[in-house]
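Architecture at a glance
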Amino acid sequence: MRSFTYERASSPAEAAAAASAEGAKFIAGGTNLLDLMKLEIETPTHLIDVNDLALDRIETTPEGGLRIGALVRNTDLAADERVRRDYGLLSRALLAGASGQLRNKATTAGNLLQRTRCPYFYDTNQPCNKRQPGSGCAAIGGFSRQHAVIGASEMCIATHPSDMAVAMRVLDATVETVRPDGTARSIPIAEFHRLPGDTPHVENALIPGELITAVTLPRPVGGTHIYHKVRDRASYAFALVSAGAIVQRDGTGHIALGGVAHKPWRVEAAEAELPRGAKAVAEQLLADAKPTQENAFKLPLVERTLAAVLAEART
Ligand SMILES: Cc1cc2nc3c(=O)[nH]c(=O)nc-3n(C[C@H](O)[C@H](O)[C@H](O)COP(=O)(O)OP(=O)(O)OC[C@H]3O[C@@H](n4cnc5c(N)ncnc54)[C@H](O)[C@@H]3O)c2cc1C
Ligand code: SF4
C-alpha cells in the first residue's frame, strides 16, 4: 500500500472542499476502498474520513418518503422497520449482499460507489481501461462469464456489482450531494451510474470532491416487493443475474436487473409487458443485448429469473 495522509472531516461542506484536492478521496466503511488500496489499484494520497459527519440517520420526509443518510450502515438500513414494511425490496437486496460483518461496516454511499468485480480490474498485470485508461480490455476475448450482456462498449464489458443499487433503481431513489463549492444537488438514480462508453473509468455523475450526503426514496407505492439473486454460491457471491421488482395486484409494476450491465438495468417501456409474462419482458429489457460466447447463458437466465419473480408475485 502507498503511504497517505488522513483527516476526519467535521462537516459535509468541509469534507467536500478538502476532497477537491488532487489525490484526495473519502473513506466510509472502507470495505471496498481499502482492498483496492492494498492492491494499489486505487492510490489516494489523502483520505478524508466521513464517519463523523452525522449522516447516519433515516428520516421520514415531508412527502412521506425516506431520507437515508449516506453513512447509514447496510445492516441498519435492511433492519429499519419502515424499510422492511414499505420498501421490502431494498431490505431484501441488502441482505442478499456480502456477509453480516461486511454489511455492519458498509454504508449507503459506499455501496452505490463500489467498483466492479471484473477479475482483470483486480489483476494489475492485465490491461484494463477502467483501471488504466487506454491500456485495453483483457476481458474482451478473455474470461467473461460474469460480464455485461448489454450496454457494454469496445472499451469495457464490466458489470456493476451492487445489489442495493438495483433496488434503489426500482424505487426511483434520488442521490443528494454537496459539491466542493458548498452547493447541494439532487441526482435521480437513473442518471447516477454511467455506461462505460469511451471512458469506463468515469463510473457515475459525481464531480471530483462531490460528497453524497443522503439517498431519498419517494412515498411507498405498495405492491409485492421481490429481489431474486442468482449466483454461483448461496452466500458471499456477486450476482450472475438479479432482478428487483415491485408488482401490483393488477400485474403492473417496476423491474430492474443486476449483473447484466455497467449499471442497474431498467427499461421503463419493458414494464408495460409485465402482464404478458417473463418472456415478453425479457425480450424488451434485453433487446440490444450483445453477450460474449461465455456469458450468452445470461439471456435465458434473465428470462427464468423474471419468471420466478412473477410466480412469487402471484402467490
Ligand atoms: C468479500 C466481499 C463480498 C461482497 N459481496 C457483495 C455483494 O454480494 N453485493 C453487494 O452489493 N456488495 C458486496 N460487497 C461490496 C460491499 O457492499 C461494498 O464494499 C460496500 O457497500 C462499500 O461501502 P463502504 O462504506 O465500505 O465504502 P468504502 O470502501 O469506504 O468506499 C467506497 C467508495 O465510495 C466512496 N465514498 C464513500 N462514502 C462516500 C460519500 N459519502 N460520498 C462520496 N463518496 C463516498 C469512497 O471514496 C470509495 O471510492 C462485497 C464486498 C466484499 C469485500
Ligand atoms: S471489462 Fe472493464 S474492468 Fe474488466 S478488464 Fe475490461 S476494461 Fe477492465
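Residues numbered from 1 in each chain as written. Chains lettered and ligands numbered in written order. Predicted model: local features only at pLDDT ≥ 70, side-chain atom pairs only at ≥ 80, totals over all residues. Heavy atoms only, no water.

- Identification of the protein chain as Molybdopterin dehydrogenase from Mesorhizobium mediterraneum is taken from an unreviewed UniProt entry.

1. So, the site of ligand 1
- Around ligand 1 sit 33 residues in total, of which Phe-26, Gly-30, Thr-31, Thr-107 and Asp-163 are the nearest.
- One of the side-chain N or O atoms of Thr-107 is found 2.6 Å from an oxygen atom in ligand 1.
- Asp-163 places a polar side-chain atom, nitrogen or oxygen, 2.7 Å from a nitrogen atom of ligand 1.
- When isolated, ligand 1 has an accessible area of 990 Å², and the protein chains bury 93% of it.
- Elements that contribute at least two residues to the shell around ligand 1 include exactly β2 (24-27), α2 (33-38), α7 (108-113) and β8 (211-217).
- No other element matches α7, which puts four residues into the shell around ligand 1. (Near = heavy atom within 4 Å. Polar contact = N/O pair within 3.5 Å; in protein donor to acceptor, adjacent residues only side chain to side chain. Areas by Shrake-Rupley, 256 points an atom, 1.4 Å probe, with all protein chains shown as cover. Helix = DSSP H or I, 4+ residues; strand = E, 2+ residues; numbered from the N terminus.)

2. A closer look at the sheet that holds strand β6 (residues 174-178)
- If you walk across this open sheet you meet the five strands as β4-β5-β8-β6-β7, and the pairing is antiparallel. Strands at the two margins of the open sheet, each flanked by one partner only, are β4 (58-60) and β7 (184-188). Pairs of neighbouring strands in the sheet enclose a mean axial angle of 25°, with direction left out of account.
- Here β6 pairs with β7 via five bridges, running antiparallel. Along β7, the bridge assignment pairs Thr-177 with Arg-185.
- Most of the contacts of helix α1 (residues 12-19) go to β8, to which it runs at about 130°, and overall it touches β6 and β8. (Pairing = 2+ DSSP bridges. Axes fitted to C-alpha atoms, helices over the stretch in contact; angles between N-to-C directions. Contact = heavy atoms within 4.5 Å.)

3. Describing the site of ligand 2
- Taken together, the neighbourhood of ligand 2 is formed by 14 residues, with Cys-118, Cys-128, Cys-137, Cys-156 and Ile-157 sitting nearest.
- A class-by-class count of the residues in the shell around ligand 2 yields eleven nonpolar, two polar and one charged. (Nonpolar A, V, L, I, M, F, W, Y, C, P; charged D, E, K, R; others polar.)

4. Observations regarding the UniProt feature "domain: FAD-binding PCMH-type" (unreviewed entry) in the protein chain
- Within this numbering scheme, the UniProt entry marks residues 1-222 as carrying the feature "domain: FAD-binding PCMH-type" (unreviewed entry).
- Taken end to end, residues 1-222 comprises 26% helix and 16% strand; its first and last C-alpha atoms sit 47 Å apart. (UniProt positions renumbered as here; feature names shortened; annotations may be inferred.)

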